[in-house]
Amino acid sequence: MTLNRADCEALDAKDPLAPARDRFILPEGLIYMVGNSLGALPKETAARMDRAVRQEWGQNLVTGWNRDNWVDLPYRVGAKIAKLVGAGADEVIATDSTSINIFKLVVGALALRPGRSKIITEPGNFPTDLYVLQGIRDLLPDRVTLEVVERTRLLDAVDKDTALVLLTQVHYKTGEVLDMARVTRAVQAKGALILWDLSHSTGAIPVDLNGANADLAVGCGYKFLNGGPGAPAFLYVAKRHQDQIAPPITAWFGHASPFEFSDHYQPAPGIVRNMTGTPAVLGLSALDASLDVWDQVDMATVRLKSLELGNIFIEQVEARCTAHGFRLASPRDDSRGSQVSFYHEHGYPVMQALIAHGVVGDFRAPDILRFAITPLYQRYVDIWDAAERIGEVMESGAWQRPEFARRAAVT
Ligand SMILES: *Cc1c(COP(=O)(O)O)cnc(C)c1O
């Protein structure tokens, strides 16, 4: 069955998520397909930032910590994220960056597995995940060994010396989704802990950390959660581990009573000990407002539309571009997250040309063109039009113009 543009218009007309698009500020005429790198700006977030800056900071000044509840933001925002990842409200906090949270949870979790030294991850994991683990191994050479094992053999490498496995649930390049419940069970069967990186899962696919009995997780605030550039990240610690985990950054906001100004560190009970320093109030305010967009929507509906948009995009791009060297890098079935990637030998200039023609995706070295599917603000016709424009750029050879070959710092 091949669709046409009118079919896409009809799908938009009966789309239960169609009203959500109205909650975003989007540039006219642009088809934005990078919501997995930087989500779009919700209208209420723009309004909230204005209030947070002018009223809360500008007028309320330091009283904002109590009066505007700045001090609770990591927990309030954490509770909103918890709903999207199947966690308890007291199991998630919004704080720091994903990289820092990986460091904190990995080192902190060593206290949960005192006799075990091995940490396992897979090659091709997101670079920061690999780099942070390499740093931990170099920092604690007598305590930690690191094994980077191919996905196909990874579970076999988990043994009685394994303390922790770190995996990203949705692969940032291909969008392939790992079965969280199955992998968690297999890792825990050997007595090891699992830390899930949910950067490309949260707000993209239904996640059920409690249902999977996951131990630990981290994720991003600026991708599918639309928290804004450099938004705070989040971390999850299962209730059962919260009073044993030993955060390596023993900072004052994780202290049992920070405002006693004691000389001695005493970790707070519960999730609080995973805080570091003073919360980033402006970033948290933006993320807090952006999360309200999810109030009206059901993740199962988002997932259904995401897969449909992805399927249409694959069908339409392949029909136009297979002859121009596009090759699908993502799964065709529902083991695909909320993105579609294609291999192309000249990925960089092709993506630059697409951006110049109003289809914004991104390029991941060496040869991947990535297109995010964000059902809250993409219409079926957008997907159709994107495929059509991509076809035109390839057909006309516009991507071969020399200006598209010049590399920028951020791809
Ligand atoms: C985007 C992403 C990160 C980002 O980490 P930062 O500390 O926010 O830069 C980490 N892990 C994965 C899997 C990601 O996709």
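Worth saying up front: this structure is predicted, and the values here are computed from it rather than measured.

*Asks:* Could you give me a rundown of the sheet that holds strand 15 (residues 368-372), with the residues and numbers involved?
*Replies:* The sheet built from 4 strands is open, its strands ordered 11-12-15-14 with antiparallel pairing. The open sheet has two edge strands with one neighbour each: strand 11 (327-328) and strand 14 (362-364). Of the strand pairs in this sheet, strand 14 and strand 15 are connected by 3 bridges, and their pairing is antiparallel. What sits directly across from Asp 362, in strand 15, is Arg 370.

*Asks:* Requested: an account of the packing of helix 4 (residues 73-85) against helix 9 (residues 281-291), with residues and values cited.
*Replies:* Working note: a packed helix pair is described by the angle between its axes plus the distance between those axes. Helix 9 packs onto helix 4 with a crossing angle of 35° between their chain directions and a minimal axis gap of 10 Å. You can see that helix 4 and helix 9 cross each other, and the crossing is left-handed. Along its contact with helix 4, which presents Leu 73, Pro 74, Arg 76, Val 77, Lys 80, Ile 81 and Leu 84, the element helix 9 presents Val 281, Leu 284, Ser 285, Leu 287, Asp 288 and Leu 291.

*Asks:* Outline the site of the ligand, listing residues and values.
*Replies:* Looking at the ligand, there are 13 residues lining it, with Ser 99, Asp 197, His 200, Tyr 222 and Lys 223 nearest. Ser 99 places a polar side-chain atom, nitrogen or oxygen, 2.6 Å from an oxygen atom of the ligand. Separating an oxygen atom of the ligand from a side-chain N or O atom of Tyr 222 is a distance of 2.7 Å. Relative to its unbound accessible area of 390 Å², the ligand is 88% covered by the protein chains. Listing elements by their share of the shell around the ligand, those giving two or more residues are helix 5 (98-110) and helix 6 (127-139).

*Asks:* Describe the sheet that holds strand 5 (residues 118-121), and please don't skip the residues or the numbers.
*Replies:* Taken in spatial order, the 7 strands line up as 4-10-9-8-7-5-6 in an open sheet, and their pairing is mixed. If you trace the sheet from one side to the other, it starts and ends with strand 4 (92-94) and strand 6 (145-148), each paired once. Each strand axis lies, on average, 15° off the axis of its neighbour in the sheet, ignoring direction. Where strand 5 lies against strand 7 (residues 162-168), 3 bridges are found, and the strand directions are parallel. Paired with Ile 119 across the bridge in strand 7 is Leu 164. Lying on the sheet, helix 4 is in contact with strand 4 and strand 10 (234-237); it crosses strand 4 at an angle near 125°. Across the sheet, helix 5 is in contact with strand 5, strand 7, strand 8 (193-197), strand 9 (216-219) and strand 10; its angle to strand 9 comes to roughly 170°.

*Asks:* Tell me about the packing of aromatic side chains, and name the residues and values.
*Replies:* Inspection of every chain in the model, using the stated rule, returns 13 aromatic pairs. Pairwise contacts between aromatic rings join Trp 252, Phe 253, Phe 259 and Phe 261 into one cluster. Between Lys 223 and the ring centre of Phe 126, over which it is positioned, the NZ or CZ distance is 5.2 Å. Here the basic side chain of Arg 407 rests over the ring of Tyr 348, its NZ or CZ set 4.3 Å away from the ring centre.

*Asks:* Give a detailed account of unusual backbone geometry, specifying residues and quantitative values.
*Replies:* Backbone torsion omega between Ala 365 and Pro 366 reads 5°, so that peptide bond is classified as cis. Inspection of the secondary structure puts Pro 366 in the loop between strand 14 and strand 15. One non-glycine residue, Asn 226, adopts positive backbone phi at about 60°. Note that Asn 226 resides in the loop between strand 9 and strand 10. At Phe 261, a residue that is not glycine, the phi angle is positive and equals roughly 50°. Residue class for Phe 261 comes out exposed when judged on its relative accessible area of 57%.

*Asks:* Break down the pairing of strand 10 for me, citing the residues and quoting the values.
*Replies:* Put simply, side chains in a regular strand alternate between the two faces of the sheet. The alternating pattern of strand 10 places Phe 234 and Tyr 236 and Leu 235 and Val 237 on opposite faces, both of which are buried. Pairing analysis gives 3 bridges linking strand 4 to strand 10, with the strands arranged antiparallel. For Ile 93, the partnering residue across the bridge sits in strand 10 and is Leu 235. With 4 bridges connecting them, strand 9 and strand 10 associate as antiparallel partners. Looking across to strand 10, one finds that Ala 217 is bridged to Tyr 236.

*Asks:* Any details on the pattern of salt bridges? Residues and values, ideally.
*Replies:* Oppositely charged side chains may form a pair once their charged atoms are brought near each other. Counting across every chain of the model gives 25 salt bridges. Here the salt bridges do not stand alone but share partners, grouping Arg 48, Arg 76, Lys 80, Asp 288 and Asp 292 into one network.

Reading the values: rules and limits
Residues numbered from 1 in each chain as written. Predicted model: local features only at pLDDT ≥ 70, side-chain atom pairs only at ≥ 80, totals over all residues. Heavy atoms only, no water. Pairing = 2+ DSSP bridges. Helix = DSSP H or I, 4+ residues; strand = E, 2+ residues; numbered from the N terminus. Axes fitted to C-alpha atoms, helices over the stretch in contact; angles between N-to-C directions. Left-handed = near helix turned anticlockwise from the far one by under 90°. Contact = heavy atoms within 4.5 Å. Near = heavy atom within 4 Å. Polar contact = N/O pair within 3.5 Å; in protein donor to acceptor, adjacent residues only side chain to side chain. Areas by Shrake-Rupley, 256 points an atom, 1.4 Å probe, with all protein chains shown as cover. Phe/Tyr/Trp six-rings, centres within 6.5 Å; stacked < 30°, edge-to-face > 60°. Lys NZ or Arg CZ within 6 Å of the ring centre and 35° of its normal. Buried < 20%, exposed > 50% of the residue type's maximum accessible area, 1.4 Å probe, protein only. Salt bridge = Lys/Arg side-chain N within 4 Å of Asp/Glu carboxyl O.

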